[in-house]
Each structure stands twice: as C-alpha cells, then as structure tokens.
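Below are the chains, spelled out letter by letter.
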Amino acid sequence: VTGSLIRRKDLTTAAPVAVMEKMELDAAGMASIGDILQNLPAQSNAINIQSNNGGDGSTRINLRGIGAKRTLVLVNGRRMPYGGIGADTSVDLNSIPTAVIERVEVLKDGASSTYGSDAIGGVVNIITRQNFSGVETSAYIGTTQRGDATVYDLAVTAGQKFDRGHLLFSAGVYENKPAWAGDRDYSRFDFQAGEWGEDIDPDDCAPGVVKGNVCVVKGGSTGVPGGTIIDRLGQQGNPAHQSKLTKYMGDSGFWYLDYLDAGIRPFNTDGTSDVGEGDFYNYQPENYLLTPQQRFSVFSLGSYQLHESARGYFEASYVSRHSDQLLAPEPVFTINEGLTISENNYYNPFGRDFIDIRRRMLEGGHRNFVQDLDTFRANVGIEGSLPSGLGPLSNWHWDIGYMYGRTSGTQTTRGLYMLPRLTKALGPSFMDTDGIVKCGAPGAIDPDPACVPLDIFGGPGTITQEMLDYIGYTGVGRGFNESEGVRALLTGDVVEIPFGGMVGLAIGYDYREESGGNQPNVMVAKGLTTGNKSEPVEGEYFVNEVFGELLIPLVANTQFVELFELTGSLRYFNYNNFGDDVTWKIGARWQVIPDLSIRGTFSTAFRAPSVAELFSGNYDDFPLANDPCADVPGSLFRSNDTVKTNCQADGVSPGYADETDQQRARRGGNKELQPETADVYTVGVVFQPNFVEGLTATVDYWYFKINESIQEIGVDVILNACYTRTPAEGRAEFCKYIDRNSDPTSPGKVLAINYITDIFQNIGGLETWGIDFQVKYDWKTDYGRYLWNFEGTYTGKYTQINADGSETEGLGVYDLELALPKWRLNLGVIWSMDQYNAGINARYFGSFEECENNDCSEDALRRDVDANITFDIFAGYLIESNIGDTRLTVGVNNVLDADPEWIYNGFTATSDPTAYDFLGRFFYARLSQTF
C-alpha cells in the first residue's frame, strides 16, 4: 500500500492516496507518463519538454508546487535514480516506459518516515504490470492541426506465467518532433506590457495595442544582426569620428548600426525589425516551442519461487534518450563578457575603443544543446515468510533487496564562442601588404597564426566562415546521477486487541549511497565562453536509516465505530556529511459507519541537500530583474529617494541607463547546508455510500510548512534589500552580493551589474495549505458503463518566507514567477459498451493576477490573467478475433484549440510552459493488438 510498509487487507489508510488506473491513463490521449501526470490538479510548475530555454529534455512532477525536488518518485515502491544531465535533484519521468504501467498511486502527504528524504510534498508510486500473460503490441501517432510536434510511440510487451514464477519483457521506441515558436500567433513575438494604467492613449501606445489596462508591445533583444552601440565612453576617442556618435541618451549613446542605409542612428525601441516597427531583434521564431526527443526503452521483471517460503525477484530497465533545445543565434554583449573592441581594430570605423557592442551572430547559426542520456535501474531481492512455530514472529513477511540506478550521458553545445579568441579577434588588427587582415599591428603581429580578426560592425554576412572557425567551438560535457542501496524489511501481526483487530508492525533498515557529477565542456567550466558559465560539480554521500511503523486497530464493529485505528511511524537517519535526526508521523482513521470515514495525519518530513546543492561550483543564471540604479523612465531610481541615495553612495555613474530586464546571477553549492524540514497536516473525509454502488467521494485539507529551506536568497530580494534599505536597516548584508563593472571614464565610479552572487543557503521557508476533493462514480446502466471522475485542488495560501524576513504571497499572483491559481480542476467521463468506448476530459486552470514589473505590492498596478479551459475527446472500437483483441482509439486533445494565457512577465513565449498547453489542437490514433 503506497504510504505504508505494513501488509494489510484494507487498502484505505489514514493518508490521502489517489489512484489512476490504466483505463484513465489511456484515456488521457498522451504517449508519455510525464505529460499525463503533469495534468493532475495537485501538481504545478514542473519543467517539461515545452521548456526550451532552461530545459534539458526532462519532464518532472511537482506536487503542491513546492518544488520537484520535494516530490519522491517510486516504481513499485522503490526509488528511481535522479534523471538529467548530471547532479540533478529529481526523477525524470521520461525514463519510465508508459507501456508497462498498470496504475499510478499518488500519496498527497509527507512521507519521510516511510520512505526517507525527498517525500515532503508527497509520493508518486508507479505500479507496473505484474501478472500479464501474452503478447501486446501498440502503436501511437499524433500531430497538431498545424502538422508539427508529431509523436510516434511503438511498444511490444510480452509476459508469461509458469509453475513457479512469472516473466515480463517490454521494449519501445518514442519520438516527438519539434514545434517552433514562430508558428503560433501568441508566441511569434515576445509580447511585453510596455505601460500599465486604466487610461492608456492608443496613440501613445502605437505601434503597440491596448489590451485591458496594458499597452502591449513587441519586445526583443538589443543584440541585433547589424549591431548596437551603447556609447559608455562618452566623448573619448578620435574627435574626427565623434560626430557619428553624438550623445543621444544622457551620458551614454544608444545607437543602431543601420547596415541597410550604411549609417548609424538612434536605436528605435518601438518594436521589432522583422515587421518594420523598430530595431529590436525578434528571437522568438528561432526558438523551439516544443523540444524534440527520441527514446528507446527496455523493461523486464520476473519472479521465481525458490522455496515454499522464499521467492526471488528482479526488475530492470534501460532508457536511452536523445533530446535537444534550440535558441536564436548567440548575442555577443561585449560588456557582459568583459571585452573591449580596440580603436585599432581594422574593422572599427570609429577610431576609438568600445566596451558595449551588442551583435547577434546570425552567421554562426543557432545555439544548440543536445543531450544523449542513458538511464539504467535494477532491483533484485528475495522475499518470503517466516515459518510457523516462531511464536509472535510466525508467518511474518520478510524482504531483502538491493537497488542500483544510474543516469549518465553527455551534453553537446554548439553556437557559442571562445572568449580568449574573441579578445584577440576584436583587438588591434591591420591589413598587410598582401591584402590579408591579420591580428596585431605592423611589426607586432599576434603570435597565434590562426588568429582571424572579427568584423563586428559590418552587418549580417560580413562575419566569414574563417572568422567563425577561429572563435567557435563544439563543447561536450558529461554528467551522471547514481543511487545504490539495500533494504531489509520485516512485517507482520503482533497481537490481537479484543475490541479492535490485529496490531501490525513493520521494522527495517535502509542503506543508500547517492552520488552525482556534472563536468561541463572545458570552455564553460573555465569561464572561457560566451553565454552561461558553469563550474564542475561532483560529490557523494551515504545514509544509514532504521525505521518502524505500527498499526493499532483500537475499536471495531461497535455503534458509530465500524473501525478506529491509529498508525505511527518513525525513521532515524544518519548521514555521513551532516549527522543524524529523527522524523515521524502519526495518523488516525475513524470509520464511523461502513459508508463514512474520517482520516487525518500529522507528520514531520525532511529533505537532505542534494549533491548539486552541496558540491556545485559556481554557474550562471539570468533571472528576470531590473537594476534599481538604472536612470530610466519608471525606474526606482527616479521614484525613490532612498534608492537614489544608495546608488550614488555605491558610486553608480550619474545618468547611468540600462533597460536590461535580466541580471546575471552566480549560483552555486554550499557544503555547510543542513536538511530542510517540514511540518505536514492532513484531515479528510471518505464517503462510500452503500446505497449508490460505485460512488466514492473524498475531501482532504492539507497544510505544509517548510523550515530552513534550501534555496537561494533571490536576485530580486538582494537588489531590493540593498537599495531600498538604509545602512541602519542592514543594507550592507545584501549589497555584499552585488558586483558591478567599473566605469573606465571615471575612476571610482561603476556601471552595470556584472553579477550577483546567490548560492544555496538554509534560509526562509514556505507555507501553503489547500483542499483536495475527488468524486469517482462507476455507473453501470443498460446503456453502458460510465466512469465519472471529478477532482480538483483549491489552494488557500502559498507564502514564501524570504531571507530578509519578508513574506511574498505567490497565490493568485505571478509575484514568484509561478502561475499559481486558487483552483485547478479536472472532469472526465469514460463510456464503454460492448466493443465501443468513448470519453471526454476537461481541464480548468484558474485565473490569477499579474503585476507591473513582477512586483505585486499593495499599490502595484495589476491585470487579470483569465482562466484557461481545454477539452479532450476520444472514441475507441474493439475487434475480437481468433488471433486476439484489436483496439483502435482516435482522439483530439485541446479540441477547441485554446491558446495559453498571456503572461507578460513570463520567461517563455509570453506565458508559462509549466502551466499551459502550448501546442493547440492535437489529433492522435492508437492501435493495440493483444495475442
């Protein structure tokens, strides 16, 4: 029973468990179990293959929205290895073949006392087919109405029972093709809210359009194919050329190199260049909307009766995954990379140095990140029953097993550039007497004979293949996740309580080793590349655990007490890297009458810091955040005197202007981390009326509070605390994390933020509560069988406790960059009669608010993000013949072609890939044959 280690006849426990049977999994119309589970109302904000920028081809699950790393995933009650490109913190559901799944059980309760670390938000236990006999083949194909994101899934499963055991084998191949962001109207541009307010003049908004209380404009990048100059050096340089760079914006010019007119002019911020509205580069059409993936999987399990009291068993799986993400060509921002373009560069027409040139490297092609990963998992063991005659231990069940799992592979990176070579290529260069442009200067030629000067000013097409060959590279990084352990379990009945039943007990021992590593390619690891840098990570730890669970049925078969039972569990753990502690859980179930039960639990839970959180080197991230010191319209610098005073005190140059909405954060591990802990409560009611056969209704209240959370402070928190607090209020404690570039025109002055250090720490916490409800009705009539399922989650609170002691309410607003509505609902009905079946599913994702600048403080301007509703339909037909059963199912997902809701502060496609369906109307067919 998921959530309990005691063998029992009654499958109902004190903890809330939801079950998805195979019929319901098939009715979802999807080929991947990860896609199916992400539609559960209790799940939110987990990464999937719609996540292109920042994704890694994995699909994860995140119960309660409190983090995928706090949801434990099991297969047949045993752990899966973490999945991903190395040193990851949660399971990749793509590593579990769908063809072998019998059902999925979801424990919506803290379960660390039962399963150990990670089970704070709950447990997903995937149960595979155990006793299948015969051969089954299945084929699935699906595609959108636009002809993209096509999915193929082929599988064959064979099982055989014999006198003393059973054997099952399954193999499958899966492929999904990509979809492009430019092929959907809602994602063709990076739509942004340029101005907020109730009375926006459409003329002032043009060429944008007014939608509700925002002016919607087409945003993009200042890294353009022709090049952008931000003239941070003012009037320095050759006076003969300075007229070309007359000051335009305060003390820094913002210029567009108009290669079509062979001139230079002020940068036009009215829109994107591809539609002729402005100069921003529209990167959206160059990005995947759905990332492609291919998988090959093999799964096998079996058992053999070694003796009348002992049975051997095994379970093994292997999945090979090839996936990739594609981004627009690299934008080289010289100021972010610490590069200076020399006044003596042959291709520099201005006769002066530059430190902030932004050039989109179209000639180098897309940035491509390709994963080739292998996941292997094996479980072997022996289980049986103790013989009679051992007194209180007679006939107790025992189980001794060994588990090993490993995910390993490579990530290949293309489309980035080597900084040392860029430095040379943008440095001094000249044309020799043979008409060849060389690095260095006459009489001081660069000693690197391969050096090729780079033409960054000439517009698209002027960067030659020879230039690209010199600065470009293909990098290969390697990583792994490995888990190994043994478990011994003994469980049975202890004593009979006169007015209750048999007291059950389970005791056991777990030993587990976790290790992981991620070795980025050498250029990334040494910080010698454009784009994100990342240092290696590798480490390991082990844990010894002793656990016990007790079931006490106190009263049974009396008036108003059909059954009253108490449960308790305790786990002592000792980690080699931080020490020991205890986690526990108590629960009660009162079956008032056969039709009605009341249940509840109170538990503590914990999550040990992962290998990456402990041992990771520094790595780059670019979260959404504005520089408070930027002197631009609508900035804090202009509206808050404290911010202005602090910025000036920190030496920020007067008139410093930067409209960048992402800041470079340096993340990293921390060997001093301790486990995060949690308090979890659940109280629920189960109603199964005898007078309505097949009806079950449950309502459960849940509460989670995470303490000493393992997380970063947050770039927004750091910037806000540093610049809105006074010295007496402790601003220095946060300002120490901010590093700025120096201003070369004024010693002692500074400019743009270089990076913000934000490593993992035990800080803050999280508090959330809500109500789950589900009504299932298996209704049998003369006109067929109807299986109704209505389930939902109402979230009443989701508050993040920040490092500075402040609280951020994430529920119903996009303040935490998470789509967290109060309501998530699913409604489905499956009808079957004779050879026919059909069904419909509806999913409701509730409304919430979005705020200007992602700041939902009391006086912030807001807009409503509407609720999103999608419908799926399907129909099937079964043909019975001498060779077996043939079933054909056809269906349409998102039959009304509903677009995702726009979130202007959203990082991907002006929306949230973890919340909405990005593809639109999707047609599919599934054919299965059982022999």
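(A) Summary view of the side chain of Asp815. Looking at where Asp815 falls in the secondary structure, it is placed in the loop between strand 42 (807-809) and strand 43 (823-833). The buried charged residue Asp815 lacks any salt bridge, with Arg862 as its nearest oppositely charged partner at 7.2 Å. Within the structure, the side chain of Asp815 is placed 3.3 Å from the backbone nitrogen of Cys856, a separation counted as a polar contact. With near-sequence residues (within four places) excluded, Asp815 lies in contact with Thr808, Glu809, Asn854, Asp855 and Cys856.

(B) Main features of the sheet that holds strand 25 (residues 444-445). Taken together, 3 strands build an open sheet; the order of strands is 23-24-25 and the sheet is antiparallel. Lying at the two open borders of the sheet, with one neighbouring strand each, are strand 23 (429-431) and strand 25. As paired elements, strand 23 and strand 24 (residues 437-441) share 3 bridges and run antiparallel to each other. The residue bridging Met431 from the neighbouring strand is Val437, located in strand 24.

(C) Spatial organisation of the environment of Thr143. Its place among the elements puts Thr143 in strand 6 (residues 134-144). By relative accessible area, which is 24% here, Thr143 ends up partly exposed. Expressed as a C-alpha distance, the spacing of Thr143 and Thr334, which sit 191 residues apart in the sequence, is 42 Å. In contact with Thr143, not counting residues within four places along its chain, are Asp148, Thr150, Arg921, Phe922 and Phe923. A distance of 2.9 Å separates the side chain of Thr143 from the side chain of Thr150, its partner in a polar contact.

(D) Molecular detail of the pairing of strand 41 (residues 784-801). Bridge count between strand 40 (residues 765-781) and strand 41: 17 bridges; the pairing is antiparallel. The partner of Glu767 across the bridge, within strand 41, is Thr799. Hairpin connection of strand 40 to strand 41: 2 residues between the antiparallel strands. Taken together, the 10 bridges between strand 41 and strand 43 define a ladder with antiparallel strand orientation.

(E) Local environment of the packing of helix 12 (residues 641-649) against helix 13 (residues 715-724). The contact between helix 12 and helix 13 brings their axes to 7 Å, and the two run at 90°. Taken together, helix 12 and helix 13 sit at an angle that is classed as roughly perpendicular. Every residue of helix 13 that contacts helix 12 at Thr642, Val643, Asn646 and Cys647 is listed here: Cys722, Tyr723 and Thr724. Per-class residue counts for the contact of helix 12 with helix 13 are 4 nonpolar, 3 polar and no charged.

(F) The arrangement of helix 13 in detail. Most of helix 13 sits out of view: 7 of its 10 residues are buried. Buried within helix 13 we find Val715, Val717, Ile718, Leu719, Ala721, Cys722 and Tyr723. Taken together, the buried residues of helix 13 touch helix 12, strand 33 (665-667), helix 14 (732-735), strand 37 (738-742) and strand 38 (750-757).

(G) Structural view of the sheet that holds strand 5 (residues 122-128). Overall, mixed pairing links the 5 strands, which are arranged 1-4-5-2-3 in an open sheet. Either end of the sheet is taken by a strand with one partner, and the two such strands are strand 1 (17-21) and strand 3 (78-79). Relative to strand 3, strand 2 (residues 71-75) runs antiparallel, the two sharing 2 bridges. Along strand 3, the bridge assignment pairs Leu74 with Arg79.

(H) Molecular detail of the pairing of strand 7 (residues 151-162). With 9 bridges joining them, strand 6 and strand 7 adopt antiparallel strand pairing. Looking at the pairing, Gly134 lines up with Gly159 of strand 7. Between strand 6 and strand 7, which pair antiparallel one after the other, the connecting turn spans 6 residues, and Gly147 there sits at a positive phi close to 80°. Across 12 bridges, the pairing between strand 7 and strand 8 (residues 165-176) is antiparallel. Of the residues in strand 8, the one forming a bridge with Phe162 is Gly165. Here strand 7 folds back onto strand 8 in antiparallel fashion, the turn holding 2 residues.

(I) Inspection of unusual backbone geometry at higher detail. Of note, the amide linkage connecting Ala206 to Pro207 takes the cis form, showing an omega dihedral of 10°. Here Pro207 lies in the loop between helix 4 (202-205) and strand 11 (209-211). For Glu817, which is not glycine, the phi torsion reads 60° and is therefore positive. Among the secondary structure elements, Glu817 is positioned in the loop between strand 42 and strand 43. Under the relative-accessibility criterion, Glu817 is labelled partly exposed at 30%.

(J) A look at the pattern of salt bridges. If you walk through the whole model with that rule in mind, you get 52 salt bridges. Among the ionic pairs, Arg607 bridges to Glu676, the shortest N-O distance being 2.7 Å. Here Arg607 is found in strand 31 (residues 596-607), whereas its partner Glu676 is found in strand 34 (residues 676-687), with 69 residues between them in sequence. You can call Arg607 buried: its relative accessible area is 1%. A network of salt bridges, in which partner residues are shared, links Lys69, Arg70, Arg607, Glu613 and Glu676.

Calculation rules
Per chain, residue numbering runs from 1 following the sequence as it is written. Residues qualify for local features only when their pLDDT is at least 70, as the model is predicted, and side-chain atom pairs are given and counted only at 80 or more; totals for whole chains, interfaces and linings, by contrast, use all residues. Only hydrogens and water are set aside; all other atoms, that is, all heavy atoms of the structure, feed into the side-chain values. What counts as a helix is a DSSP run of H or I of at least four residues, what counts as a strand is a run of E of at least two, and both are numbered from the N terminus. Whether a residue is buried, partly exposed or exposed follows from its accessible area with a 1.4 Å probe, protein chains only, as a fraction of its type maximum: under 20%, in between, or over 50%, in that order. His is not counted here, nor are the chain ends, while Lys and Arg score as positive and Asp and Glu score as negative. The term salt bridge refers to a pairing of a side-chain nitrogen on Lys or Arg with a carboxyl oxygen on Asp or Glu at a separation within 4 Å. For this analysis, a polar contact is any N or O atom pair within 3.5 Å, provided that within protein one partner can donate a hydrogen and the other can accept it, and provided that sequence-adjacent residues contribute only side-chain to side-chain pairs. Residues count as neighbours in contact if any of their non-hydrogen atoms are within 4.5 Å of one another. Any two strands are treated as partners once DSSP identifies two or more bridges connecting them. Convention adopted: a line fitted to C-alpha atoms gives each axis, helices being fitted over their contacting stretch, and angles between N-to-C directions are expressed from 0 to 180 degrees. Each angle receives one of four descriptions, namely roughly parallel if under 35 degrees, roughly antiparallel if over 145, roughly perpendicular if within 65 to 115, and oblique otherwise. Here the nonpolar group is Ala, Val, Leu, Ile, Met, Phe, Trp, Tyr, Cys and Pro; Asp, Glu, Lys and Arg are the charged ones; every other residue, Gly included, is treated as polar.

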